[in-house]
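# An overview of the molecular structure
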Amino acid sequence: MKDISLASDVSASTSASVAKVGSNETPTLDAYDDDPVVKSFPIYLSSRLASHLHIFQYPVRPNTRPYTGSQGEPVLDLRVKPDSGIVQVDVPINTTHFYDHEKGEKWGAVDRQTLGGVMTKSEGYMIGIFKDAELHLTPVQGTCQLRPSFTYVDKDVQTEKEIARSVKQDPAKPKEIRAVQMTVKSSDDSAPRYSGALAARKRAEDEEFVEMHWYDKDTEEAWDLAEHLRSASREPLIPATTKDEYIDLIRDKS
């Protein structure tokens, strides 16, 4: 357990321990007595969901319009490729405004849109909840930014290209007879070889999606799962730095 402190916004005389202007002395926490601590909260670290907790971000979606049932736009389906980290979610489309029904039927996207992204490992991110005057933190496994994906358009364009290539072929032109030299190769020799980014892309394309269950934030299942964000134990957290060292770390990063 570790304490987190809140400071008030009150004015008072500056402590005598404040370093003098122009000196090389480093101020300590005692130097800020004009902003005293008014309340402390114990901090607990929970690991029950640490390996499964991910953050989904929607860069092109305002935070005032989340994809939730209460907004009338819940997530319809969720698919993931665990090895490659590819994530896809289907969300509803408002077909009453600025919607081309003809193209929607052509592309097979009549009432929904797919958002896609790739999961990345996160460092330093945590989810925190306050419960009974306690702060419970859970490390985040990864983050994913989901943007509109137009795979249905890509498939349609690919189909049109294949049709165009077949039309260009002249069926009336007789085929020439050529001598063909046959060679025998093993299955490994005939397989195309990929490396680097091409290999990673090939593995991602070959990996099958795994269908997942999505529970809206207001469902009982979501609330029950949120209870796992609370630490099951009350083991104290051991600080790795002193308070002054922590302040110095914050100052260096700012």
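Quick look at the structure, then. A quick note: this is a predicted structure, and the numbers were derived from the prediction, not measured. (Residues numbered from 1 in each chain as written. Predicted model: local features only at pLDDT ≥ 70, side-chain atom pairs only at ≥ 80, totals over all residues. Heavy atoms only, no water.)

## Focus on the side chain of D90
As for its position among the elements, D90 is in strand β5 (residues 86-92). With relative accessibility at 5%, the residue D90 sits in the buried group. Only 2.8 Å separates the side chain of D90 from the side chain of R79, close enough to count as a polar contact. At 2.8 Å, the side chain of D90 forms a polar contact with the side chain of T114. Sequence-distant contacts of D90, defined by excluding residues within four places in its chain, comprise V75, L76, D77, R79, R112, Q113 and T114. (Helix = DSSP H or I, 4+ residues; strand = E, 2+ residues; numbered from the N terminus. Buried < 20%, exposed > 50% of the residue type's maximum accessible area, 1.4 Å probe, protein only. Polar contact = N/O pair within 3.5 Å; in protein donor to acceptor, adjacent residues only side chain to side chain. Contact = heavy atoms within 4.5 Å.)

## Re the layout of surface pockets
Put simply, the largest pocket is a space of about 1,600 Å³. The set of elements that each furnish at least two residues to the lining of the largest pocket consists of β3 (54-57), β4 (77-81), β5, β8 (126-131) and α5 (220-226). (1 Å grid on protein atoms, 1.4 Å probe; cavity = no way out; pocket = protein on both sides within 12 Å on 5 of 7 lines; lining within 4 Å. Points joined across faces, edges and corners; volume = space filled by probe spheres on them.)

## Brief notes about a nonpolar patch on the surface
A cluster of nonpolar side chains, Y246, L249 and I250, forms an exposed patch at the surface whose accessible area comes to about 290 Å². According to the relative accessible area criterion, L249 is partly exposed, its value standing at 42%. (Patch = residues over 30% accessible without salt bridge, like charges linked within 9 Å, V, L, I, M, F, W, Y side chains within 5 Å. Areas by Shrake-Rupley, 256 points an atom, 1.4 Å probe, with all protein chains shown as cover. Salt bridge = Lys/Arg side-chain N within 4 Å of Asp/Glu carboxyl O.)

## Focus: the sheet that holds strand β11 (residues 147-149)
Read across the sheet, five strands follow the order β11-β6-β5-β4-β12 without closing on themselves; strand pairing throughout is antiparallel. If you trace the sheet from one side to the other, it starts and ends with β11 and β12 (210-212), each paired once. Going from strand to strand, the sheet's axes swing by 35° on average, the running direction of each strand aside. (Pairing = 2+ DSSP bridges. Axes fitted to C-alpha atoms, helices over the stretch in contact; angles between N-to-C directions.)

## So, the sheet that holds strand β7 (residues 120-121)
Within a sheet, adjacent strands bond to each other through the backbone by hydrogen bonds, running parallel or antiparallel. Strands sit in the order β3-β10-β7 across an open sheet of three strands; the sheet is mixed. At either end of the open sheet lies a strand with only one pairing partner, and these are β3 and β7. In the sheet, β7 pairs with strand β10 (residues 142-145) via two bridges, with the strands oriented antiparallel. Opposite T120, over in β10, you have T143 as the bridge partner.

## Remarks on the pattern of salt bridges
This model, assessed by the stated rule, comprises 13 salt bridges. Of the charged contacts, one joins R61 and E73 as a salt bridge, the two residues approaching to 2.5 Å between their closest N and O atoms. Here the residue R61 occupies a position in the loop between β3 and β4, and E73 occupies one in the loop between β3 and β4, the gap between them amounting to twelve residues. Taking the relative accessible area as the measure of exposure, R61 reaches 15% and is therefore buried. Residue R234 pairs with E134 through a salt bridge whose shortest N-O separation is 3.2 Å. Placement of R234 in the loop between α5 and α6 (243-253) and of E134 in strand β9 (residues 134-139) is noted, with a sequence separation of 100 residues between them. The class of E134 is buried, set by a relative accessible area of 14%. Connected via shared salt-bridge partners are D77, R79, D90, D111 and R112.

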